[in-house]
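Geometric and topological summary
In case you want the letters, here they are:
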Amino acid sequence: MQVTEDFLQEEYYEHINELITSTTFPWMFQNRVANITEDPEEDLNHYYFVHSLFYRNKIESPFYDDFLYLFQSLNVQFLHRARVLMFVNQGEQYIHDRHVDHTTNCKTALIYMNTNDGFTDFETGERVESVKNRLLLFDGSIPHSSSTPTNTKERLLLSVTYI
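Residues numbered from 1 in each chain as written. Predicted model: local features only at pLDDT ≥ 70, side-chain atom pairs only at ≥ 80, totals over all residues. Heavy atoms only, no water.

**Quick word on the environment of L157**
Applicable threshold: Only DSSP runs of H or I with at least four residues qualify as helices, and only runs of E with at least two residues qualify as strands; both kinds are numbered from the N terminus onward. Only heavy atoms matter for contacts: two residues are in contact if any of them lie within 4.5 Å across the pair.
Relative to the helices and strands, L157 resides in strand β11 (residues 154–162). Counting along the chain gives 66 residues from L157 to G91, while the straight-line C-alpha distance between them is 20 Å. Setting aside chain neighbours within four positions, we find L157 in contact with R83, V84, L85, F87, L110, I111, Y112 and M113.

Written out as structure tokens, the structure reads:
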């Protein structure tokens with residue numbers, strides 16, 4: 001696991017941040033966050049919004065080119081998936097079920113776009129807080145979980161799974 005502060009150049013960070021927080025950036029509602037529970041009450045609190053950039057060897061977003069510099073900065077050789085994620089404040093913090101981003105060894109890069117009390121949690125007890133422009137790089141086949149924020153309206157991050 002590697003953590004890098006101020007990963008993106010400020011000008012590029014501002015460009016991406018303005019893009020994903022604009023009123024014209026499309027978000028898709030996802031009614032589950034890696035949950036395996038069958039409890040409908042529990043599922044009510046585990047949702048998020050996603051903007052898919054790339055998945056299954058296909059560009060899925062008209063904004064894909066805006067993220068090419070990010071992929072170059074990460075030295076992406078083969079892209080599995082790239083997404084922009086938004087977890088919203090639900091009045092209390094929810095920690096989602098653990099999941100893996102890919103079943104084989106690969107890299108997952110999380111770039112936190114805003115500072116909040118949300119985090120990424122690992123089975124080892126390690127926890128990485130959401131801090132603006134922080135990069136978390138780890139093996140995407142390692143189980144981890146996400147969480148919702150309580151001190152901001154949303155928790156925004158870029159998620160890139162690659163080789």
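Once the structure has been displayed, the description carries forward.
**Remarks on the sheet that holds strand β10 (residues 144–145)**
Test applied: At least two bridges found by DSSP between two strands is the condition for calling them paired.
Taking strand neighbours across the sheet as the criterion, the three strands line up as β8-β7-β10 in an open arrangement whose pairing is antiparallel. Looking along the sheet, the strands with just one partner apiece sit at the ends: β8 (127–129) and β10. Sheet topology note: the strand β7 (residues 119–122)/β8 ladder contains three bridges and is antiparallel. Directly across from F119, in β8, lies its bridge partner E129.

**Topic: unusual backbone geometry**
Short version of the rule: Categorising residues by exposure relies on relative accessible area from a 1.4 Å probe, with only protein chains included: less than 20% of the type maximum marks a residue as buried, more than 50% marks it as exposed, and the intermediate range marks it as partly exposed.
Positive phi is not limited to glycine here, since D6 has a value of about 50°. By relative accessible area, which is 60% here, D6 ends up exposed. Positive phi values are uncommon outside glycine, yet N75 reaches one of about 60°. If you trace the backbone, N75 turns up in the loop between α3 (68–73) and β5 (79–88).

**Some words on the pairing of strand β9 (residues 134–139)**
The buried fraction of β9 amounts to five of the six residues, a majority that puts the element mostly inside the structure. When strand β1 (residues 2–4) meets β9, the two strands line up antiparallel, connected through three bridges. Each residue of the ladder has a partner; that of T4, found in β9, is L135. As defined by bridge partners, strand β6 (residues 107–112) adjoins β9 across six bridges and the pair is classed as antiparallel. The residue of β9 that forms the bridge with L110 is L136.

**Here's the deal with the nonpolar core**
How we decide: Nonpolar cores are built from buried Ala, Val, Leu, Ile, Met, Phe, Trp, Tyr and Cys residues. Side-chain atoms within 4.5 Å join them into one set.
Counting 30 residues, the largest nonpolar core has F67, L70 and V160 as its most contacted members. Beyond its immediate chain neighbours, meaning those up to four positions away, F67 contacts Y12, I16, L19, I20, L53, V84 and L158.

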